[in-house]
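# Survey of secondary and tertiary structure
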Amino acid sequence: MADKDLSPMEHLKARSRYLRGDLAEDMADPLTGGVSEDSAQLLKFHGMYLQDDRDLRPERTKKKLEKAFGFMIRLRLPGGVIAPKQWLTLDAIAREFAGDTLRLTTRQTFQLHGVLKFNVKTALKRINAVALDTIAACGDDNRGVMAVSNPHQSRVHAEAYDLACRMSLHFKPRTHAYYEIFLDGEKVAGEGERDDVEPIYGKTYMPRKFKIGFAVPPSNDIDVFAQDLGFIAVVGPGGEIEGWNVAVGGGMGMTHGEPETYPRIGDVLGFCRPDDLFAVAEAVVTIQRDWGDRTNRKHARLKYTLDDRGADAFRAEIAKRAGKALEPARPYAFTSNGDRYGWTEGDNGKHHLTLFIENGRLRDFADGRRLLTGMRRIAEVHGGEIRLTPNQNLIVANVDADKRGEIDALVAEHGMTARASALRRNSIACVALPTCGLALAESERYLPDLIDALDEKLAAYGLSEDDIVIRMTGCPNGCARPYIAEIALVGKGPGRYNLYLGAAFDGSRMNKLYAEDLEHDGIVAALDPVFAAYARERQKGERFGDFTIRAGFVTATVNGRDFHASTGAQRAS
Amino acid sequence: MSGFATIPKTAPFAEEEIDLLNRVVGPANALQRAWLAGFLAGVESVTGQAQPAAPARPAEPITIVYASESGNCEKLANDFAKAARKNGLKPNIVDMADLDLAALGKAKRLVVIAATWGEGEPPARAVRTYNELMGEGAPRLDGVEFGVLALGDTAYVEFCAIGKKIDERLAALGAKRVVDRVDCDLDFAQPASEWIGGALKVLAPPDADRGRVIEVDFGKPVASPNTEIVEAEVSEHINLNSSRSAKETVHLALTFDGAMPAYEPGDSLDLYAENDPAYVDELLKLAGLAGDDALRAELIKSRDVTTLSLKTLETHAEKTGHHYVKALIADGQAKEWIAGRQLIDLISYFPIALDAEKLRALTRPLAPRAYSIASSRREVGDEAHLLISAVRYDSHGRARKGVASNYAAERLKKGGRVRVRLKPNKHFALPASDKDIVMIGPGTGVAPFRAFVQERRATAAKGRSWLFFGDRQFTHDFLYQLDWQEALKDGALTRMDVAFSRDTPDKVYVQDKMWEQRRDLIEWLDGGAHFYVCGDAKAMAKDVRATLVRAYADVKGLSPEAAEQSVAALERDKRYLQDTY
Ligand code: SRM
Ligand SMILES: Cc1cc2nc3c(=O)[nH]c(=O)nc-3n(C[C@H](O)[C@H](O)[C@H](O)COP(=O)(O)OP(=O)(O)OC[C@H]3O[C@@H](n4cnc5c(N)ncnc54)[C@H](O)[C@@H]3O)c2cc1C
Ligand SMILES: Cc1cc2nc3c(=O)[nH]c(=O)nc-3n(C[C@H](O)[C@H](O)[C@H](O)COP(=O)(O)O)c2cc1C
Ligand code: SF4
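The paragraphs below set out a description of the structure included in this document. Remember, predicted model here, so these are calculated numbers, not experimental data.

## A word on the overall build of chain B
Each helix and strand counted, chain B has 23 helices and 20 strands in total. For a compact globule of 581 residues, the expected C-alpha radius of gyration is about 25 Å, and chain B comes in at 26 Å, within 12% of that figure. Referenced to the eigenvectors of the C-alpha coordinate spread, the extents of chain B come out at roughly 80 × 65 × 55 Å. Out of the 581 residues in chain B, the part that is buried amounts to 50%. Of the contacts made within chain B by residues no fewer than 6 positions apart, 76% connect residues no fewer than 24 positions apart.

Take a look at the structure:
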């Protein structure tokens, strides 16, 4: 296709001399807390977003001040595993530069918010000093690689985790721009002019973000069907991994009022052996690199490439590039995409404590829950490791039996397990306001209050202890993977949300738009009768999402292309 | 108006001569008149003998030295000169900054009018000469007759310290004190003019036949701006700090209906504030005078009800005879006790029924507060902008609020009216438009530099301009950030460096940025740049000067002494200019 059709972002990448652009100069400009628009785009490849505190926007210009800029820094943390020593470093950075808070994300990593431009390099150097980095945590490249967090099957988990790390390294950009610009590493002469710096990506990297994850049934905590490329472990009788089912074409993002954009569940295209894993992965990545739509960023994700080309063409191309065809998919069964809380004993004899962290927000709250300090204290005494789950929660992993008491005491001392209802334990919300530039409505700051209201209703119907998955996002981009939640609320405008129902509890089916533009009372009023009916009419063991379809509240969504079809309440409630 | 000089009918000339003279002298400008006066005086001194026709006697010379920062002493020096001429004296007014000590010994008559600044320090410009005067090198002054008038503020512990020290020093150097010193508080107008009258009685030639001495009217300085009190309307009232900031710095835009003072960049406005009614009410309650509405109104509007000075304590002891207050003074603990306290503390610690007269006696007239003008008329037209930082602090368990700054921040509102008076400051003006300028203005010190930059934009000045600004937090305290970004784009500002003390692990201040940039800084100064400092006098101004000295030493490899000399030279050339408070 002719160059002029390429999206501006493609030209910028091509010009950028492997992600350098004017970043160094812009970072050094002392009179603004921001950087140029181009530099802001390039920043993403280095794991950062230029944001501003939207709560302050109304007053800034009047006060003759520019926007209250702050950098969001996202770590590259494959599989979400971190050592206590590294945790302590992040804790210190959060306290010194990021407003005394750490944010756990839906892809098992950390975000720091509101870091002043003039402190970014200092923060990154300290992160680097404990063998962590932020490379490709954002941007048109392979993002943070996810791996099942459920520590119960320790051996399989260890293997999935190891693969996640190697996969992340395999697709990590090779440019030295990051070290030159942010870590004062010495300049690699002429690198910007060479052609062979990025063997996999080339000069223009991917058409769009690309996401990989490893799931191990029965847990689908990583939401393998929301990944561009998801691997589902097939575990043999002896507990060893025989190979992987390959799911391709998942993704959540869409835009209100643009039906040609839609969320999509990945298709399981087949099965591959452990030895072929990297070949298959590289095949899928390069196919998307070459076939992906670089003219329209709203149509650039793999899910559209797949729908446009068709599964067969895609399978054939994989075979061609990987030098080996995928075998027929093997059977697999997921039970849920949530976390199991409390202590479990792994098959390695170690103990693991899963802690519910509401919306992944670690902070010392006014109400006495001192999550940030609590976790620091735990990191100070903990000998094992700490894991981040895809549901924004934490696992204190590999604790010796005799250490459990000490951990429990710290958890209690810092009020880290304030009793939470089943609905709350199964909730996630994206960050949204005040930092997210794309938010149309509140999310993280609002969902807890909504759940208070919904819990009252649920209690009235005796449903307080029923696991129902609820997710909220401040816009349709889907950062909390709302379209695979039994109940989803997606921001439409200030205080207004679209309500979706009917996804599968195990994340294998998307939900359907049930009602539009609801405000708080409207949401509660809309759900109340559905809860009532569920309590009344559900069959034994029937999940809420499945019920809403059987009971006829919504029609089932088969896949992306019919996501926008036959929407709306089907049953008068 | 060009101060037309008309020869008084009383002059010893025939009528037609007076007309003739008027045709020449009338339209003459100040300079021509001055020349004539000098010339005639000169003729007198050579030809010696008195003229029978006009028996005017040669005027005796008198030297009037003033040490002034904000212009009060300078104004009094001019008043003194006027009166001196009327009394047959030939005044020679000298800014202490320009005083040649060696020549002082020749002065027969000497008057010094000196202010005290900082915490008992000389006005910035006068520091160098003052130190010479106090040092061993100072010349003997035998045969010099002198008198000293001291200006100060009883609110400061070191009340009129500089006037006092100069007074002692002159005597110690052998000069003869013929007029006793008077120490004036902020309301100096009356005591000062009385002192001037008294001084002249002593210093003017005894046999001066005043009636027949020719009065030479030098007219007012050409186009002297309106320095009357005028009322302005507040057309903008914005707290420039973010709502997340611990500080409150108000940007005030004042519009004048007609009587707009013709201010220049570098000038200030005296702002006539009112006291906090809540504070006054508490004060009246404690004094047992609640309900006296007349008194209340008077105190709010025109009395200084916060300052607590030794003088206040003495007055209190004397008026009330309060046992403990007397004891406090007697034990010499008064100085220590008043530190950080206000009048209200005195009244509440030592309760005693007061009547209106007694309470009034404990206060002094409410003095205006000066604020640098932060705009240029050439850019904003009939407006003047001020940048006022609300002074708030705790001491002795009380939350304290600065009178004027909080009047501006809390009680002045958009659309409200306020009384101001222009305080010209020709010692802090822009240089020729092709000269470079370096401006050091952290905090509210940046105010006059906004005026400078606006002026240079409006006049398309060729000279480069470099601003150093600093405050606490980049995001929340960057005063006028958008203005500076714009000025850098359009070139009105060539370069800017900022230092924020609460953002990064290590605290940085403007002087640290100066040090970082020392090479360029010295290069600019070598190229003739003028160096301006405005803002905090206690720490910042001193640190900045010390840093500049170090910069000279480092960049040019000079000894500390030589480096000090380089900066002193800048001061002597009037290229190192300060407006600090
Ligand atoms: C932090 C996080 C949500 C959370 O609360 O945890 C997040 C936060 C943001 N996402 Fe996301 N996304 C996060 C997981 C996701 C997911 C879930 C997943 O990947 O499993 C999705 C849906 C899956 C997908 O990619 O389709 C997701 C789909 C998006 C999209 C829509 C992409 C699309 O194809 O349309 C955007 C907007 C865009 O890329 O144009 C986006 C953009 C953003 C930005 C960076 C907004 C922006 O571009 O300016 C948000 C920053 C908010 C803030 O202030 O921190 N984020 N984002 C998650 C960080 C994940 C990580 O650690 O890397
Ligand atoms: C030439 C000139 C220009 C000026 N320009 C500006 C300007 O542009 N902007 C500006 O904001 N100000 C400026 N000032 C200062 C201004 O004039 C006032 O001094 C200031 O606003 C305080 O006045 P106030 O009436 O609010 O406080 P006041 O009622 O006068 O109280 C101030 C007094 O409170 C005491 N005090 C203050 N802080 C503390 C503390 N932390 N601890 C203990 N005691 C304390 C001190 O005794 C101080 O003298 C300028 C001053 C001068 C002389
Ligand atoms: C920042 C500042 C500090 C001052 N310090 C003193 C002082 O220590 N002692 C004193 O008696 N007066 C002090 N004063 C009062 C001045 O001496 C008084 O305002 C005087 O009229 C100024 O005269 P000038 O305009 O000629 O400089 C101070 C005034 C200001 C604004
Ligand atoms: S879903 Fe939308 S609002 Fe929420 S974080 Fe993602 S982009 Fe921001």
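## Some words on the pattern of salt bridges
All names here are of chain A. If you walk through the whole model with that rule in mind, you get 104 salt bridges over all chains. The salt bridge partner of Glu191 is Arg20, with a shortest N-O separation of 2.6 Å. Taken together, the residues Glu191 in the loop between helix 8 (177–182) and strand 7 (212–215) and Arg20 in the loop between helix 1 (8–15) and helix 2 (23–28) connect sequence positions 171 residues apart. Pair check on accessibility: Glu191 and Arg20 agree, each one buried. In this structure, Arg301 engages Asp228 in a salt bridge whose closest nitrogen and oxygen atoms are separated by 2.7 Å. Of the two residues, Arg301 is situated in the loop between helix 9 (277–291) and helix 10 (302–309) and Asp228 in the loop between strand 7 and strand 8 (229–235); the sequence distance between them amounts to 73 residues. With relative accessibility at 12%, the residue Arg301 sits in the buried group. In the salt-bridge network here, residues are joined through shared partners; they are Glu10, Lys13, Asp140, Arg294 and Arg297.

## With respect to the packing of helix 10 of chain A against helix 11 (residues 311–322) of chain A
Residue and element names in this part refer to chain A. Look at helix 10 against helix 11: their axes get within 6 Å of each other, and the N-to-C directions meet at 105 degrees. The angle between helix 10 and helix 11 places the two elements in the roughly perpendicular class. Residue-level contacts link Leu302, Thr305, Leu306 and Arg309 of helix 10 to Ala311, Ala313 and Phe314 of helix 11. Residues belonging to the contact of helix 10 with helix 11 are distributed by class as follows: five nonpolar, one polar and one charged.

## With respect to the environment of A:Ile127
All names here are of chain A. When you line up the elements, Ile127 lands in helix 6 (residues 117–129). We classify Ile127 as buried; its relative accessible area is 0%. Taking C-alpha positions, Ile127 is 41 Å from Asp466, a pair spaced 339 residues apart along the chain. In contact with Ile127, other than residues within four places in its own chain, are Ile73, Leu75, Leu90, Ile93, Leu112, Leu132 and Asp133.

Rules used in this analysis
Residues numbered from 1 in each chain as written. Chains lettered and ligands numbered in written order. Predicted model: local features only at pLDDT ≥ 70, side-chain atom pairs only at ≥ 80, totals over all residues. Heavy atoms only, no water. Helix = DSSP H or I, 4+ residues; strand = E, 2+ residues; numbered from the N terminus. Rg over C-alpha atoms; globule rule 2.2 N^0.38 Å. Buried < 20%, exposed > 50% of the residue type's maximum accessible area, 1.4 Å probe, protein only. Contact = heavy atoms within 4.5 Å. Salt bridge = Lys/Arg side-chain N within 4 Å of Asp/Glu carboxyl O. Axes fitted to C-alpha atoms, helices over the stretch in contact; angles between N-to-C directions. Parallel < 35°, antiparallel > 145°, perpendicular 65-115°, else oblique. Nonpolar A, V, L, I, M, F, W, Y, C, P; charged D, E, K, R; others polar.

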